[in-house]
Structures are given as structure tokens and as C-alpha cells.
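Spelled out from the first residue to the last, the chains are:
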Amino acid sequence: MPPAALHYVRFQSTTRHPHGHFPGVFALVNTLAKEGRLTPGQERFRRTNNDWYDANYPNPSDTDPTVYDRTLNPGAVAWFKSTSHDLIARVDGYLAILAAHHIPCHRLHSATPPGRIVYEDTHQIVVTPHPTRPTATTGATATAETTEAANTE
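Please read these numbers as outputs of a predicted model, since none were measured by experiment. (Residues numbered from 1 in each chain as written. Predicted model: local features only at pLDDT ≥ 70, side-chain atom pairs only at ≥ 80, totals over all residues. Heavy atoms only, no water.)

Asks: Just checking my understanding: could you explain unusual backbone geometry for this structure?
Replies: Comment: phi is negative for the bulk of residues other than glycine, and the bulk of peptide bonds are trans. Within the chain, H102 stands out as a residue other than glycine whose phi angle is a positive 60°. Residue placement: H102 occurs in the loop between α5 (91-100) and β3 (105-110). Residue H102 is classed as exposed on the basis of its relative accessible area, which comes to 72%. (Helix = DSSP H or I, 4+ residues; strand = E, 2+ residues; numbered from the N terminus. Buried < 20%, exposed > 50% of the residue type's maximum accessible area, 1.4 Å probe, protein only.)

Asks: In this structure, what is going on with the packing of aromatic side chains? I would like to understand it.
Replies: How two aromatic rings sit relative to each other is given by the distance of their centres and the angle of their planes. The full count for this structure, using the stated rule, is 7 aromatic pairs. A ring pair is formed by F26 and Y53, whose centres lie 4.9 Å apart and whose planes are at 65°; its orientation type is edge-to-face. Here F26, found in helix α1 (residues 25-34), pairs with Y53, found in helix α2 (residues 40-56); they are 27 residues apart in sequence, far enough to count as distant. Overall, Y53 belongs to the buried group, its relative accessible area being 4%. Every member of this aromatic cluster is reached through a ring pair, and the members are F26, F45, W52, Y53, Y57, F80 and Y94. In this structure, R90 packs its charged tip against the face of W52, placed 3.8 Å from the ring centre. (Phe/Tyr/Trp six-rings, centres within 6.5 Å; stacked < 30°, edge-to-face > 60°. Lys NZ or Arg CZ within 6 Å of the ring centre and 35° of its normal.)

Asks: Is there a simple way to explain the pattern of salt bridges in this structure?
Replies: Tallying each qualifying case throughout the model produces 4 salt bridges. Residue E120 is joined to K81 by a salt bridge in which the shortest nitrogen-to-oxygen separation is 2.8 Å. Of the two residues, E120 is situated in strand β4 (residues 115-120) and K81 in strand β2 (residues 77-81); the sequence distance between them amounts to 39 residues. Judged by relative accessible area, which is 44%, E120 ranks as partly exposed. (Salt bridge = Lys/Arg side-chain N within 4 Å of Asp/Glu carboxyl O.)

In C-alpha cells, the structure reads:
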């Protein structure tokens, strides 16, 4: 049996950031932490899992410090590769924290790279958005579903 087709997955805010992008799930939860809005249990989860991610997969910025540069790569965002099951599975706890704080988050899927790839490793890609054309479809089509999750406390 042939392997399943690779696709890409991203969890992001439903609200655009002032810089023009939609913040991802990690940025959203880390912002809540910086604002002091997490419960002790949520903060434990965030810290433990952030440490796990840091230990188990490459940070694109460590490999290429310009990957998220707003001038060189405007709107650059990371997407998981669908084969990164362990990385994607841990996102549920972050979604639960966002749900507890009434912050909606979409899960996006794309069958093709959802932009110009500016970084790639075994687990993820970082892309800049395809240019938009008012009358034509461009590149990948991402489908979204709003994620609802339970409180982690």
C-alpha cells in the first residue's frame, strides 16, 4: 500500500495580528503566559511542553535567523508536516488552554505547500503566503476548522 499523501497542518488564530499574519497556537499561548493570564496548571503544561518541543524538533530561527524576518520573508508562518504525529498530538493541550480563555483557533489543512517555502526540515515547513490575485485561485487551498477544546485545569 502506498504511503499517505503528505499534507500540511497549522493551528492559528482567527484574528489577524497588527503585523498582518495570524498568530500560531504557540504564540497565542505564550502571549497569555507573558500577560500573566495562565493558571498554575496551564503554565506547568506550557513550560513542560514548550521544553519538549525545543528538545525534540529544530527551531527554524536557530537554523536560519532570517526565516521570520518581516522584510525578507513577510508573513512567514510554520506548518507541521502531516507525518509529524507526535508534534501535532501535543497541540491539543495548547488548544485547551486557548478554549479556556475563549480564544478561537483554526486548524488549517493544505494538500500542497501553502506558500513559498523559506525553510524546511523533517517535521515542518515555514512559508510566506502566495500572492493573492482577485480573480484567480493561487497555489494551495487551505481548509479551516475552528477547534474547540476542554480546559486543561
